Amino acid sequence: MAVLLMGAAMFTACDDNDNEQHEYIVPVTKGAFLVCSGNMSSNIDGSVSYLDYTSNQVANKQFQAQNGRSLGGTPNDALVYGSKMYIAVTGENTLEVVDAKTLKSLRQIKTNVTFGEGCLKPRHLTASGDKVYISFYGKSESSYDENWNATTKGNGYVVAIDTTTFTRQGIYEAGSFPEGISVADKKLYVCNSDYAACTKPSISIIDLTTGSGSLIKNDNIVNPQKIVLTAAGDMYVLDFGNYGDKKSGVYKISAKNNEVTRLMDANDMDCIGSNIFGYYTEFDASYKPVKTTYQVYNLLSQGTSTFYTDTNNEIIPACIGVDPVVGTVFIASNVKNADTDKTDYKANSKIFMFNVEYSQHGVFVSASKNAKVWGATAGVGPCAFAFNVTTNVIKY
Amino acid sequence: MKKFNLSIIAMLVSVSAMAQTDTITSRVHQLKEVTVTKSQRKRMLTSTAPLQMMDRKDMLTMGVTDMADALHRMSGVTLRDYGGAGGMKTVAVRGFGAKHTGVSYDGVMLSDCQSGEIDLSRYSLDNVAKLSLVIGDNDDIFIPARQAASSAVLNIQTLPLPSDERKPHLTSQLKMGSFGYVSPYLRYEQSFSKAFAVSAVAEYIYAENDYPYEIRNVKTVTKDRRTNSLMSSGHGELNFSWQPHATNRLTGKIYYYDNSRQLPGIVHYYTNVSGETLHDRNFFVQAGYQKRWGNTWALKTIAKVNWYESIYHDKLMPGAVNDASYWQREYYASAALLFVPTKHWAMDYSADYSFNNLNGSSWRAIIGHPFRHSILQSVTVKYQTGRWVMTGKLLHSLFINRQKNVEQTDRTDVQINSARNMRRLSPSLSLSYKLLEDEELFLRASYKNIFRSPTFNESYYYHYGSTELNPELTDQWNIGVTYSPHLSRYTTAMFMFDSYINKVKDMIVAVPYNMFVWTCINVGNVRSIGIDATMQVEHQFNKAHGLMLSGSYSLQKVQNRTNPESPNYNKQIAYMPQHTASGSVAYENPWINLILHATGMSSRWPNNEHYPSTMIEGYVDFGLTAYKQIHFGNHHVEIRGDIKNLFNKQYCIVAHYPMPGRSWMISINYKL
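Sequence positions are assigned chain by chain, starting from 1 and proceeding in written order. Both sets of labels track the order of writing: A upward for chains, 1 upward for ligands. Thresholds applied to this predicted model are a pLDDT of at least 70 for local features of residues and 80 or more for the giving and counting of side-chain atom pairs; totals over whole chains, interfaces and linings are not thresholded and use all residues. Side-chain numbers come from the whole structure's heavy atoms, not from hydrogens or water.

1. Here's the deal with the overall build of chain A
Where we set the bar: A run of H or I in DSSP counts as a helix once it spans at least four residues, and a run of E counts as a strand once it spans at least two, with each numbered from the N terminus. With C-alpha atoms as the basis for the radius of gyration, the globule rule is written as 2.2 Å multiplied by the number of residues raised to the power 0.38. Each residue gets one of three labels from its accessible area relative to the maximum for its type: buried under 20%, exposed over 50%, partly exposed in between, using a 1.4 Å probe on protein chains only.
Scanning chain A for helices and strands turns up two helices and 32 strands. Its C-alpha radius of gyration of 21 Å places chain A within 12% of the 21 Å reference for a compact globule of 396 residues. For the C-alpha atoms alone, the extent of chain A along its principal axes is close to 75 × 60 × 50 Å. Looking at chain A residue by residue over its 396 residues, the buried ones come to 57%.

What follows is the structure, encoded as structure tokens:
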């Protein structure tokens, strides 16, 4: 989610040196991690599934296979940054740092012990420079007036940590129930979801240099979950809505005047270059899924195109991930319970993959099913993708 | 022993005299001390539907340590226990969920209109005279209609009042145990005249519950202690009985319960931070009046007013968004009329009315004020001749559901409708036949059809509730044999063996529409096929030495029968063990009485899908009890020591809720 839409088109970098020898450092994705939250009440621990691009095989429960211990209850997000992967485990109040190649544990950080006692329930991750940022729901702090009337502050936090020492570099107060975060231009952007209460949702913008913050509030931003930024500072926000009349969708918040525009219906989003991918499931009056539409919004053309419509509800999408290098689109899907005919949150999930074709300028052109990874079995409760991006050095 | 027998006689004569039909024939009045135990046994043997009873003496000689342990000793029972003194405990019988089990307290059904489940951790055994479990409807027909409205009923009967002499009686007890457990108990009782008696009970439990546990984490083991687990609970009761004449009697009870506890919550591998607290308060007043006219007519009326408050707080949840308080009220009245025209026939008509309502503090929970009028009527006929006993019952239930004070709001997700009204007719039949003229060998068979209506949570809870729900329907068939052979003057034995088929239709299950919105619907069928076996054997070597054996075993195949196409079809339902067993050996002697006892169950799945590697292992939990009773003059002292979980077995009944390991408990009881 740290991908800047317009700024960083491709990851390639080149480095000249004096010996007439040139080298290209080319980012390569080796595979995709899928973080699965498990199901605590069914005694199913959270896990990491890994799709290896070479073999097109999914290996499940990779964290525990490598470490002889489990992630525990309800991991929520993961981020590959440099050679490491960071996993935020909400239910355990831990941040697991592992080697992205081997998944061997490098450090388990008990967030409320190491970062401060308010750092409870880690939620989402982002990175910038030499720091990784983690959002926390935090804990309740009540104060009482002279009549013993309680005022309960419900602010969450974002903590910045050093990527080598894992020590706390900064702690920032966010709003109510922070979820997705992003850092751009030395500013931290936080989606304050308000736990779907719709009373005080907001977007926090915190200046990382001065620590000062401001809030964006808007009637359409009721349950923000994810945020990405353009170089110009425009915000693209996924908002889950209120599970009632306000539907889940992607909004643009203009940097200039904070004007909010709805771009498309979406239950989740991820992006690459100028493309925001999402999907949306329509339900009928009895909450039966009618169809799911897979769409992409392009920032340059400002148009939405549908690349797949699932009327059979083969896919019950849980989350979306876009490979930041080659731009393939992954959907993790839940399955139906044969008894209730509804989504089964305590069953293995499936991964679906679309190969995507982009124009020279990185604009979405078309998407096609990847038959090899269509319905591959993954872990229980999929919630976030992370991509195993490494670099190849090409000399010439 | 003498003390117990005396009190049980008193109880049978005074309480049950009106409660059971065969007392009409005034058999009870001829009871002698020696026959008391026999009479309880006889009730179990001749019951037309499975009946298990446990009086104080049984509990002592079986080494029963608390309510949860008592329930573990009964066959057909699956207890759900979240661990420790403060952990919620609910009871499911023969594959039916806990919401199908009714619990009565001194003859009046307890209710929880919000959750539909009674938390039995609230009731300690110190003030209990007898526990009994009836599965289906048996030949005890002179009961309120509501007692017949569940598939099984657990009756908690508290200590009776004295009636034969005027002196004040005082019982004091102090219990102490591991993990900061202290519980003083005080009871005062006195008969002021031949007709009027009063008792007052106060008990308090303080428990830290910070027991150590181990939980397996792949190849490692996490060791920690429960935190945020303190409990401070008190209970007070005032009872009176006024019996101006052998044929009529007024009883009353004022009850107050207050439990302020921290909830340690689910166990995680790497964190034990929890800030949840729950404060329960329950107050009720109940009165009963019974009158009998000759040996032909008897009337029993009951009235009760109940108030229940539950305050939940999570100090770690930002903005205190999960905090919620709930208030329930109940007004209940019941009348039962018994008519015994001949010695063969008995008939009962019972009519119950109750009003239940609920309100809550949180818009994320219960928004309006739902309420329910319940009108239950039953007609029961019992025919008894020679070796036959037959009963048939027809229960008519009418539920009128409404809600008021629903906030005017634009929200489309607020439940503004009322749950469906319901009207149903539920039949039951049961019979018992004495197979041989001079052997205590009985064959019994019973059928019962009953339902449970949706709870207020299932109907109205924010997002989760649905007002479109239909009741959950159940059928149960039972066939069994009971036998008490004449072995010798010194050896008595009793065996009960029952097999059953139970069915549940239209189960109320919460299903997701998305990860955040779950709603109850009627889906799913369950079939249980099982066996319950119970035995009790006593042998007296001589005047001073005796051996008592008791055991129970249950086989339950509780299977998902929803969809034959489903991979889950015929799989064992979550949290239902296939095998459950318990046993105890007591050695009574002049020095110190010793009991070794055990309860256990086979493995269970925490989900209906049997997701690989989630199985919860089976266990056996042993306990050792030693007690000594000393009498000097009017003073009676009982000293008891228990080692619970003798072999320090680490196990869970509910996934991620480990149970305590080895622990001790001592109690000193003094009676005057």
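2. Observations regarding the packing of aromatic side chains
This is how the line gets drawn: Stacked, tilted and edge-to-face pairs are distinguished by plane angle, under 30 degrees for stacked and over 60 for edge-to-face with tilted covering the rest, among Phe, Tyr and Trp rings (Trp via its six-membered ring) whose centres lie within 6.5 Å.
Tallying each qualifying case throughout the model produces 42 aromatic pairs over all chains. Ring centres of Tyr279 of chain A and Tyr294 of chain A lie 6.0 Å apart, and the angle between their planes is 45°; this geometry places the pair in the tilted category. Here Tyr294 of chain A lies in strand S25 (residues 289-298) and Tyr279 of chain A lies in strand S24 (residues 275-283), a separation of 15 residues in the sequence. Residue Tyr294 of chain A is classed as buried on the basis of its relative accessible area, which comes to 0%. Look at Tyr105 of chain B and Tyr255 of chain B: their rings are 5.5 Å apart centre to centre, the planes differ by 75°, and that puts the pair in the edge-to-face class. On the criterion of sequence distance, the pair formed by Tyr105 of chain B in strand S4 (residues 101-105) and Tyr255 of chain B in strand S14 (residues 248-263) is long-range, its members being 150 residues apart. Classification of Tyr255 of chain B by relative accessible area gives buried; the value is 0%.

3. Some points on the sheet that holds strand S7 (residues 152-158) of chain B
Pairing between the strands of a sheet is mediated by backbone hydrogen bonds and can be parallel or antiparallel. Residue and element names in this part refer to chain B. The cut-off we apply is this: Between any two strands, at least two bridges found by DSSP are needed for them to pair.
What the five strands build is an open sheet, ordered S1-S6-S7-S4-S5; its pairing is mixed. Strands with a single pairing partner mark the edges of an open sheet, and in this sheet they are strand S1 (51-55) and strand S5 (108-109). For S4 and S5, the ladder comprises two bridges, and the chain directions are antiparallel. Residue pairing across strands places Ser104 opposite Met109, the latter belonging to S5.

4. Topic: the pairing of strand S9 (residues 122-128) of chain A
Residues and elements named next belong to chain A. Among the seven residues in S9, six count as buried, and that is most of the element. Two elements, S9 and strand S10 (residues 131-136), share five bridges in a ladder whose sense is antiparallel. For Pro122, the partnering residue across the bridge sits in S10 and is Phe136. Where S9 folds back onto S10 in an antiparallel hairpin, the turn is made up of two residues, including Gly129, whose phi is positive at roughly 60°.

5. Re a nonpolar patch on the surface
Residue and element names in this part refer to chain B. Let me state the cut-off plainly: Only residues above 30% relative accessible area that lack a salt bridge enter a patch, with like-charged residues linked at up to 9 Å and the nonpolar side chains Val, Leu, Ile, Met, Phe, Trp and Tyr linked at up to 5 Å. The protein chains shown are the only cover counted for residues, whose accessible areas, like all others here, come from Shrake-Rupley with a 1.4 Å probe. Salt bridges are defined as contacts in which a side-chain nitrogen from Lys or Arg sits within 4 Å of a carboxyl oxygen from Asp or Glu.
There is a patch of nonpolar side chains on the surface, built from Leu435, Leu436, Leu443, Ile479, Val481 and Phe497 and spanning about 460 Å² of accessible area. One can find Leu435 in the loop between strand S21 (422-434) and strand S22 (440-452). Classification of Leu435 as partly exposed rests on a relative accessible area of 30%.

6. Side note on the confidence of the model for chain B
Where we set the bar: pLDDT is a residue-level measure of predictor confidence that goes from 0 to 100. Any two residues whose heavy atoms approach within 4.5 Å at even a single point are treated as in contact.
Averaged over all residues, the pLDDT of chain B is 91; the fraction at 70 or higher stands at 93%. Below a pLDDT of 50 lies the segment residues 1-36 of chain B, which in the model reaches 61 contacts outside its immediate sequence neighbourhood of four places, other chains included.

7. Here's the deal with the sheet that holds strand S19 (residues 224-229) of chain A
Residues and elements named next belong to chain A. Our working definition: Note on geometry: axes are lines fitted to C-alpha atoms, helical ones only across the stretch in contact, with angles between N-to-C directions running from 0 to 180 degrees.
Reading across the sheet, the four strands line up as S19-S20-S21-S22 and stay open at both edges, with antiparallel pairing between neighbours. A single partner strand is all that each edge strand has here, and the edge strands are S19 and strand S22 (260-265). Shown here is a sheet whose adjacent strand axes are inclined to one another by a mean of 25°, direction ignored. Bridge count between strand S20 (residues 235-239) and strand S21 (residues 249-253): five bridges; the pairing is antiparallel. Looking across to S21, one finds that Val237 is bridged to Tyr251.

8. A look at the nonpolar core
Residue and element names in this part refer to chain B. To keep it simple, the criterion reads: For our purposes a nonpolar core is just a set of buried Ala, Val, Leu, Ile, Met, Phe, Trp, Tyr and Cys residues, chained together by side-chain atoms within 4.5 Å.
Within the largest apolar cluster, 30 residues are counted, with the highest numbers of intra-cluster contacts made by Leu120, Tyr123, Leu131 and Ile156. At the level of elements, helix H4 (67-72), strand S2 (77-81), strand S3 (89-93), S4, strand S6 (128-135), S7 and S14 are the ones that each hand at least two residues to this core. Here Leu131 is in contact with Gln52, Met53, Met54, Met59, Met67, Ala70, Met74, Leu125, Asn155 and Ile156, once residues within four sequence places are set aside.

9. A few points about the interface of chain B and chain A
Note the following rule: Once two parts are joined, some of their accessible surface, as seen by a 1.4 Å probe, is lost; buried area is that loss totalled over both. Throughout this description, a polar contact denotes any pair of N or O atoms lying within 3.5 Å of each other; where both atoms belong to protein, one of them has to be capable of donating a hydrogen while the other can accept it, and for residues adjacent in sequence the pair is counted only when both atoms sit in side chains. Three classes are used: nonpolar for Ala, Val, Leu, Ile, Met, Phe, Trp, Tyr, Cys and Pro, charged for Asp, Glu, Lys and Arg, and polar for all others, with Gly counted as polar.
Across the contact, 52 residues belong to chain B and 55 residues belong to chain A. A per-residue breakdown of the area chain B buries against chain A is headed by Tyr270, Tyr513 and Tyr611 of chain B, which together make up 19% of the total. In this structure, the salt-bridge partner of Lys346 of chain A is Glu609 of chain B, at a minimum N-O distance of 3.7 Å. On inspection of chain B and its partner chain A, the count reaches 20 residue pairs in polar contact (both at pLDDT 80 or more). Of all elements in the fold, only strand S25 (508-514) and strand S26 (517-522) of chain B reach the threshold of two or more residues within the side of chain B that touches chain A. When grouped by side-chain class, the residues that make up the side of chain B that touches chain A number 28 nonpolar, 18 polar and six charged.

10. Some points on the environment of Tyr256 of chain B
All names here are of chain B. Within the secondary structure, Tyr256 sits in strand S14. Remark: the alpha-carbon pair of Tyr256 and Trp477, spanning 221 residues in sequence, is separated by 38 Å. A polar side-chain atom of Tyr256 sits 2.7 Å from a polar atom in the side chain of Asp258.

11. Things to note about the pairing of S21 of chain B
Residues in a regular strand project their side chains so that they alternate between the two faces of the sheet. Residue and element names in this part refer to chain B. As paired strands, strand S20 (residues 388-404) and S21 are joined by 12 bridges and run antiparallel to one another. Along S21, the bridge assignment pairs Phe399 with Met422. Across seven bridges, S21 lies against S22 in antiparallel orientation. Bridge pairing links Lys434 to Phe442 in S22.

12. Some points on unusual backbone geometry
Residues and elements named next belong to chain A. The phi dihedral of Asn56 falls on the positive side, at around 60°, and the residue is not glycine. By the element assignment, Asn56 lies in the loop between strand S3 (47-52) and strand S4 (57-59). A relative accessible area of 17% means that Asn56 is categorised as buried. Despite not being glycine, Phe166 has its phi angle at roughly 60°, a positive value. By the element assignment, Phe166 lies in the loop between strand S13 (155-162) and strand S14 (168-176).

13. Quick look at the environment of Ala85 of chain B
Residues and elements named next belong to chain B. If you trace the backbone, Ala85 turns up in the loop between S2 and S3. Its relative accessible area of 24% is what places Ala85 among the partly exposed residues. Through-space distance from the C-alpha of Ala85 to that of Glu407 is 39 Å; in sequence the pair is 322 residues apart. Once residues lying within four places of it in the same chain are set aside, the contact partners of Ala85 are Ser121, Tyr181, Ala207, Asn209 and Met231.

14. A word on the confidence of the model for chain A
Looking at chain A, pLDDT values average 91 and 93% of them are 70 or higher. This model gives residues 1-14 of chain A a pLDDT under 50, and the stretch forms 40 contacts once residues within four places in sequence are excluded.

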